[in-house]
Structures are given as structure tokens and as C-alpha cells.
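Architecture and fold: a report
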Amino acid sequence: MAEVKLSAELRNDFGKGAARRLRREAKVPAVIYGHGAEPQHVAIDSHALMMALKTPNALLRLEFDGKNALVIPKDVQREAIRRFLVHVDFLAVKKGEKVTVELPIQTEGELAPGGNLLEHVLNTLPVEAEATHIPESVTVSIAGLDSGSSVLAKDIALPSGVSLAVEDETVVLQVVSAQAEAPAEEGAEGEAAGAEA
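Residues numbered from 1 in each chain as written. Predicted model: local features only at pLDDT ≥ 70, side-chain atom pairs only at ≥ 80, totals over all residues. Heavy atoms only, no water.

1. Things to note about the pairing of strand 7 (residues 98–108)
Relative to strand 9 (residues 124–130), strand 7 is paired through 7 bridges, and the arrangement is antiparallel. Considered in strand 9, the bridge of Lys98 is made with Glu130. (Pairing = 2+ DSSP bridges. Helix = DSSP H or I, 4+ residues; strand = E, 2+ residues; numbered from the N terminus.)

Structural data, given as C-alpha cells:
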């Protein structure tokens with residue numbers, strides 16, 4: 001995954017009032033943690049950060065105060081309705097260092113015919129990967145799976161250098177049969193008959 005460079009500025013004002021002022025200036029308050037160092041409080045342009053975070057587990061190089069830090073997002077807080085960025089916690093990383101991240105799960109293929117539904121038991125797969133080589137997602141084939149089938153964590157092919165951070169037997173996806181909706185259909189037929197009379 002390519003790293004994205006972003007400019008940041010150190011901030012010394014804290015609290016809700018300071019955070020609101022930053023957001024009015026189209027900036028997002030953020031904190032950089034890790035490696036036993038004191039947390040560093042920074043502010044980043046909200047549009048640039050929002051674009052960078054469109055990629056899950058984005059690797060960012062934050063440049064501030066004549067220094068730079070290689071980081072990955074650990075906690076992204078968004079406003080509930082409009083979804084704009086409110087605050088971001090970053091984890092400082094180094095090349096070669098292993099980190100635990102959640103990879104989005106993509107599916108490909110079609111389930112077996114016959115009213116089967118795919119249930120995502122997990123929406124993301126916890127894995128351990130080198131900080132500078134985090135995959136964007138994992139892809140799972142569901143082609144031909146029938147009701148009662150499950151995909152376990154150990155069944156998912158992972159890229160080289162990536163290992164599971166959950167038990168091998170963890171259920172990730174399962175196929176269930178669709179429930180019949182007979183009562184709703186009867187109600188619709190009854191209304192139609194009433195309309196004809």
C-alpha cells in the first residue's frame with residue numbers, strides 16, 4: 001500500500017471549544033500514539049484527511065514541525081448524521097513492524113440457487129501484517145455455497161506476510177435459507193379480494 005503524505009500542525013489548545021474552532025477552520029483534531037512516546041496532538045486539513053481515509057488502514061506520513069511520523073488510523077470518529085470527521089487517533093508505526101488491523105471482507109461469486117442468504121458474521125477480518133504492507137481487503141469466494149455452509153477464518157487465503165489475529169475456527173460468513181413470508185402475502189391477497197368486491 002502506498003503511503004500518503006499529509007501536512008499537519010502541532011496543537012496546544014485542547015477541549016471541546018478548541019476542537020470546534022478547528023473544525024470551523026476545516027481541520028480535524030488528531031492524536032498520534034505509540035512507541036512509548038508522549039502523545040502528539042496535531043490538526044490536519046479535513047478534506048485531505050477524508051480523502052486519505054477512503055482507503056481502509058491507510059498508511060500516512062504526517063509532516064509537522066520539521067518532523068514526520070509514519071502512522072495508521074486506529075480510531076476514526078465521525079459525526080453521526082453528516083459523517084464528517086470529528087477526531088482521529090493514529091498509531092505511530094515503523095517499517096518492518098507488525099500491527100494488528102481489521103481488513104474489510106469482499107465476496108465474489110454467486111450462492112447456490114434456491115433462496116439462500118449470505119450472513120456476514122464478521123464484517124472485517126482481524127489480521128497481523130507489516131505496517132508498510134497492509135492489504136486493502138481480503139476476497140472470499142462464495143460461489144456455489146448452499147444453506148448451512150460456513151466460511152471459517154482459516155479458509156480465507158491471506159497475502160504473504162499476513163497472519164490471522166483470530167482463532168482459525170472463527171465463523172466469518174455463513175449461508176442461511178430465506179424465511180418464508182407467508183403472512184404478509186396472505187394479507188396482500190385479502191386486500192385485493194376486498195377491492196374487487
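2. Some remarks on the side chain of Asp89
Take Asp89: it is sitting in strand 6 (residues 85–92). No salt bridge is formed by the buried Asp89, whose closest oppositely charged neighbour, Arg11, lies at an N-O distance of 7.2 Å. Within the structure, Asp89 has its side chain in polar contact with the side chain of His87 (distance 3.4 Å). (Buried < 20%, exposed > 50% of the residue type's maximum accessible area, 1.4 Å probe, protein only. Lys, Arg positive; Asp, Glu negative; His and termini not counted. Salt bridge = Lys/Arg side-chain N within 4 Å of Asp/Glu carboxyl O. Polar contact = N/O pair within 3.5 Å; in protein donor to acceptor, adjacent residues only side chain to side chain.)

3. Structural notes on helix 1 (residues 16–24)
Within the sequence span of helix 1, burial applies to Ala18, Ala19 and Leu22. Projected onto a plane normal to the axis of helix 1, the buried residues spread over an arc of 100° and lie on a single side. Across helix 1 from its buried face, at more than 90 degrees, point the exposed residues Lys16 and Arg24. Buried residues along helix 1 sit against strand 2 (27–33) and strand 3 (40–45). Looking at the residues trailing helix 1, positive phi occurs at Ala26, about 60°. (Arc of directions from axis to C-beta. Contact = heavy atoms within 4.5 Å.)

4. Description of the pairing of strand 3
With 3 bridges joining them, strand 1 (residues 4–10) and strand 3 adopt antiparallel strand pairing. Bridged to Ala8 within strand 3 is Ile44. Two elements, strand 2 and strand 3, share 6 bridges in a ladder whose sense is antiparallel. The residue of strand 3 that forms the bridge with Lys27 is Asp45. Linkage of strand 2 to strand 3, two consecutive antiparallel strands, is achieved through a turn of 6 residues, within which Gly34 is found at a positive phi near 125°.

5. So, the layout of surface pockets
Size it by volume and the largest pocket reaches roughly 290 Å³. Top contributing element to the lining of the largest pocket by residue count: strand 5 (residues 67–78), with 5 residues. Here the residues of the lining of the largest pocket are counted per class, giving 6 nonpolar, 3 polar and 4 charged. In this structure, the second largest pocket spans a volume of roughly 170 Å³. Along its surface, the second largest pocket is lined by 14 residues, and Ile32, Gly34, His35, Ala69 and Ala92 are the ones closest to its centre. The set of elements that each furnish at least two residues to the lining of the second largest pocket consists of strand 2 and strand 5. A per-class count over the lining of the second largest pocket returns 8 nonpolar, 3 polar and 3 charged. (1 Å grid on protein atoms, 1.4 Å probe; cavity = no way out; pocket = protein on both sides within 12 Å on 5 of 7 lines; lining within 4 Å. Points joined across faces, edges and corners; volume = space filled by probe spheres on them. Nonpolar A, V, L, I, M, F, W, Y, C, P; charged D, E, K, R; others polar.)

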